[in-house]
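# Observations on chain architecture
The residues making up each chain are set out below.
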Amino acid sequence: MEKTSSFNVWRILFPLFILTIYPAASYARPFVLFLSQDDINDIGNSPDDIDPAHLDSAEWDEFGDTETKTDEELDPGSWRPIFETDSDQVLRPEEDSLYYSGMSKMVSSANPGDERLMEVAASEIEASALAGNPHAQSVLGFLYGMGQMRGRSKAKAFLYHHFAAEAGNMQSKMALAYTYSRQDMYEKAVKIYAEIAEVAVNSFLISKDSPVIEPVRIHNGAEENKEALRKSRGKEDEDFQILEYQAQKGNALAMYKVGLFYYFGLRGLRCDHGKALSWFFKAVDKGEPRSMELLGEIYARGAGVERNYTKAFEWLKLASKQQLYSAYNGMGYLYIKGYGVEKKNFTKAKEYFEKAADNDEPGGHYNLGVMYLKGIGVKRDVKLARKYFILAANSGQPKALYQLAKMFHRGVGLKKNFPMATAFYKLVAERGPWSSLSRWALESYLKGDVGKAFLLYSRMAELGYEVAQSNAAWILDKYGEQSACMGEGGLCTDAERHRRAHSLWLLASEQGNEHAALLIGDAYYYGRGTERDFERAAEAYMHAKSQSNAQAMFNLGYMHEHGQGLPLDLHLAKRYYDQALEIDPAAKLPVTLALTSLWIRKNYADSFLVHMIDSLPDVYPKVEAWVEDVLLEEGNATILTLFVCLLTVLYLRERHRRQNAAAVGVAAPFHHHNENPAAPMPN
């Protein structure tokens with residue numbers, strides 16, 4: 001959806017102008033859960049009425065008591081071997097060799113846009129899929145869904161994803177669950193999302209790798225998100241280089257932060273527990289207390305060292321003495337399990353969790369919730385468990401979201417609500433090991449491999465990740481042919497690229513991305529990538545307006561002013577224009593011009609001025625092109641054109657007033673002494 005100028009001058013200039021002076025708010029909003037009394041289910045939730053099978057599971061394995069599994073085991077058919085060749089390789093079955101050969105060729109062909117190599121890759125993947133390989137079936141479903149080197153077919157995409165999911169491919173399960181949820185088939189969606197979320201939660205608990213993946217939106221509205229990208233460059237980031245230099249010079253806080261980045265794999269760095277451990281020890285030697293807690297976690301998890309619960313407890317205890325309240329969660333866990341301490345002690349565990357919770361530590365709320373849900377050392381109390389889970393969830397605790405999803409799913413503590421359960425399971429599921437696709441996509445983009453980044457974001461988009469849908473669409477709009485978008489018979493045509501961008505923006509808008517909703521509204525208004533439809537354009541703008549988007553309010557005002565897709569209503573038009581200004585003071589100039597147009601339309605209906613304003617859409621594209629090519633850049637040309645239009649309107653209005661005044665003077669040459677011949681005409 002490239003910039004064009006086929007709109008009315010007021011409708012196109014003002015929104016584009018607004019976009020140049022304030023960023024569209026396309027970031028995810030903080031999660032806050034509000035429940036009404038209708039959501040509460042206290043009937044049949046006494047300890048004697050609850051089915052223990054609904055409550056009993058191994059959810060206390062915070063640090064992992066079972067054999068550690070790799071991401072490839074948790075996410076069969078993972079793309080990790082393609083992007084992390086230096087990672088530990090597992091012995092893959094021979095039947096996967098053709099699949100990985102095709103995958104390698106597909107990724108290699110993405111950046112230069114090698115059509116021949118992409119066709120070879122697609123053929124190998126198809127051959128492997130037809131031989132029954134579920135991971136190849138999953139990727140073949142992706143190719144049919146996108147229309148990449150294969151005719152676009154939702155039916156075939158669904159079929160191949162179904163076969164792959166039945167055989168255990170988690171990414172195809174994500175794609176199916178997302179498809180069902182979009183069609184409001186929540187009974188099917190919730191069942192699949194529940195399975196995926198359980199695997200995701202297990203990856204939090206038994207994987208030595210941290211589940212933290214920083215979601216990075218590579219664009220901010222229509223522009224590249226330079227600040228976020230700068231912070232994701234890992235060792236190439238100047239701020240990180242300064243921080244590492246300070247750490248090497250003995251700064252304890254810098255040592256802790258560098259260790260933290262390596263432990264969690266933050267800011268574009270690859271996770272490295274060995275380096276993290278080294279920096280944490282150095283920081284502790286300098287008296288930095290927060291490193292103590294992480295050393296306790298490292299020893300409890302066995303992350304980069306041999307697991308040692310006794311040492312873990314010692315480090316956590318030292319951290320707690322420094323008023324690091326989150327350390328109490330680890331100590332409470334060890335008492336629950338009886339690891340590194342004399343014996344199990346539920347009373348002490350509860351005391352430690354309460355200390356954490358009393359200091360607003362979300363892990364403390366979550367752990368108390370599990371104690372009361374399962375009746376561990378306390379009388380089972382689902383109401384209290386629900387309260388603690390909500391507190392933890394509103395602080396972003398993913399396992400609390402998982403517990404609430406199960407409550408909605410099973411009707412324990414909360415009334416059965418499949419749509420809510422689906423939404424919560426999805427939030428948790430998206431944190432599973434397959435979210436590594438996001439990191440590889442970002443790394444590719446930062447290296448300039450735009451085609452590879454687009455391929456990875458497109459795969460994630462199919463799985464339901466809103467940020468990926470938005471990023472993939474933005475790459476298409478921003479880079480055009482350089483995006484290496486592959487269509488049915490080779491590189492995408494302009495029409496294929498527009499359709500795909502429209503489809504991706506539509507998916508993102510459905511999930512609350514207001515910038516995407518604006519672009520979808522524009523697409524329907526202009527007829528870009530889809531048929532022109534003013535009513536659907538208005539619906540999209542309404543969606544963005546519901547998120548307090550000033551540009552959407554302005555656009556709705558324009559549509560009411562002209563009766564396009566919405567009833568002709570000048571009063572509502574003015575209200576929307578005023579609201580746009582209230583939301584964003586930066587919209588003052590376009591709103592002022594729009595209100596001037598509205599005033600003229602209201603007071604001089606069917607006049608020369610109104611006809612002139614309405615004729616500007618035909619004149620403006622030619623004028624703007626001339627100004628842009630001959631005089632100024634596009635942004636300045638827009639401002640200049642606006643200024644000229646305003647001066648023209650004011651000049652014509654003044655001339656009209658003077659002509660009327662002169663006519664009055666000729667018709668009435670004599671007047672009384674108390675009359676004022678220069679009195680202005682009423683508006």
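Values in this document were obtained by computation on a predicted structure and should not be read as measured data. Note that residues are indexed from 1 along each chain, following the sequence as it is written. Where totals are concerned, whole chains, interfaces and linings use all residues; where local detail is concerned, this predicted model gives features only for residues with pLDDT of at least 70, and gives and counts side-chain atom pairs only at 80 or more. Excluded from the side-chain calculations are hydrogens and water; all other atoms, namely the structure's heavy atoms, are used.

### As for the packing of aromatic side chains
- Stacked, edge-to-face and tilted labels apply to pairs of Phe, Tyr and Trp rings (six-membered ring for Trp) whose centres lie within 6.5 Å, assigned for plane angles under 30 degrees, over 60, and everything in between, in that order. According to the stated counting rule, one finds 25 aromatic pairs in the structure shown.
- Here the aromatic residues Phe 313, Tyr 325, Tyr 328, Tyr 335 and Tyr 352 are joined through ring pairs into a cluster of three or more.
- As a reminder, the over-ring test applies to NZ of lysine and CZ of arginine, requiring each to be within 6 Å of the ring centre and within 35 degrees of the ring normal. Over the ring of Trp 279 we find Lys 282; its NZ or CZ atom is 4.5 Å from the centre of that ring.
- It is Lys 387 that lies over the ring of Tyr 388; its NZ or CZ is 5.7 Å from the centre.

### Describing helix H16 (residues 327-337)
- Within H16, 10 of the 11 residues are buried, which leaves the element mostly enclosed by the surrounding structure.
- Per-residue accessibility, obtained with a 1.4 Å probe over protein chains only, is compared with the maximum for each type, and a residue is labelled buried under 20%, exposed over 50%, and partly exposed between these values. By definition, any uninterrupted DSSP run of H or I lasting at least four residues is a helix, any uninterrupted run of E lasting at least two residues is a strand, and each is numbered from the N terminus. Residues Ala 327, Tyr 328, Asn 329, Gly 330, Met 331, Gly 332, Tyr 333, Leu 334, Tyr 335 and Ile 336 constitute the buried set of H16.
- The contact definition used throughout considers only heavy atoms, calling two residues in contact when any of these lie within 4.5 Å. Tucked into the core, H16 has its buried residues touching helix H14 (290-301), helix H15 (309-321), helix H17 (346-358) and helix H18 (362-374).
- Residue Gly 338 follows H16 closely and has a positive phi angle near 75°.

### Let's talk about the layout of surface pockets
- The computed volume of the second largest pocket comes to approximately 970 Å³.
- Gly 145, Arg 152, Lys 154, Ser 503 and Leu 507 are the residues nearest the centre of the second largest pocket, which is lined by 28 residues in total.
- Those elements that provide at least two residues to the lining of the second largest pocket are helix H6 (134-146), helix H7 (154-166), helix H8 (170-182), helix H23 (450-463) and helix H25 (494-510).
- If one sorts the elements of the lining of the second largest pocket by residue count, H25 sits on top with eight residues. The rule is simple: put a 1 Å grid over the protein atoms alone, call a set of points where a 1.4 Å probe fits but cannot get out a cavity, call an open set with protein on both sides within 12 Å along at least five of seven lines a pocket, and count a residue as lining if it has an atom within 4 Å of a point. Grid points are joined across faces, edges and corners, and a volume is the space filled by probe spheres set on the points.

### Section: the confidence of the model for the protein chain
- The pLDDT averaged across the protein chain works out to 81; a share of 76% of its residues lies at or above 70.
- Low pLDDT, under 50, characterises residues 1-30; the stretch is placed with 89 contacts to residues that sit more than four places away or in other chains.
- Each residue gets a pLDDT score, which is the predictor's confidence in that residue and runs from 0 to 100. Contacts from residues 206-211, a stretch scored under 50 in pLDDT, to residues over four places away or in other chains number 19 contacts.

### Observations concerning the nonpolar core
- As used in this record, nonpolar core signifies buried Ala, Val, Leu, Ile, Met, Phe, Trp, Tyr and Cys residues forming a set joined through side-chain atoms within 4.5 Å. Among the nonpolar cores identified, the biggest contains 180 residues, and Trp 79, Met 106, Ile 196, Tyr 425, Tyr 457 and Ile 475 are the most heavily contacted of them.
- By residue number, the principal contributor to this core is helix H9 (residues 186-206), which donates 11 residues.

### Points about H17
- Expected span of a helix, by definition, is 1.5 Å for each gap between consecutive residues, and there is one gap fewer than residues. The first and last C-alpha atoms of H17 sit 18 Å apart over 13 residues, in line with the 18 Å expected at 1.5 Å per residue.
- If you check which residues of H17 are buried, you get Ala 349, Lys 350, Tyr 352, Phe 353, Ala 356 and Ala 357. The arc that holds every buried residue of H17, seen down its axis, measures 165°, which confines them to one face. Summarising the geometry of H17, the exposed residues directed more than 90 degrees from the buried face are Thr 347 and Asp 358. Taking the helix axis as origin, the arc is that swept by the directions to the C-beta atoms.

### Focus: unusual backbone geometry
- For Gln 323, which is not glycine, the phi dihedral falls at a positive 65°.
- Looking at where Gln 323 falls in the secondary structure, it is placed in the loop between H15 and H16.
- Given the relative accessible area of 55%, Gln 323 is considered exposed.
- For Ala 484, which is not glycine, the phi torsion reads 55° and is therefore positive.
- In this fold, Ala 484 is placed in the loop between helix H24 (466-479) and H25.

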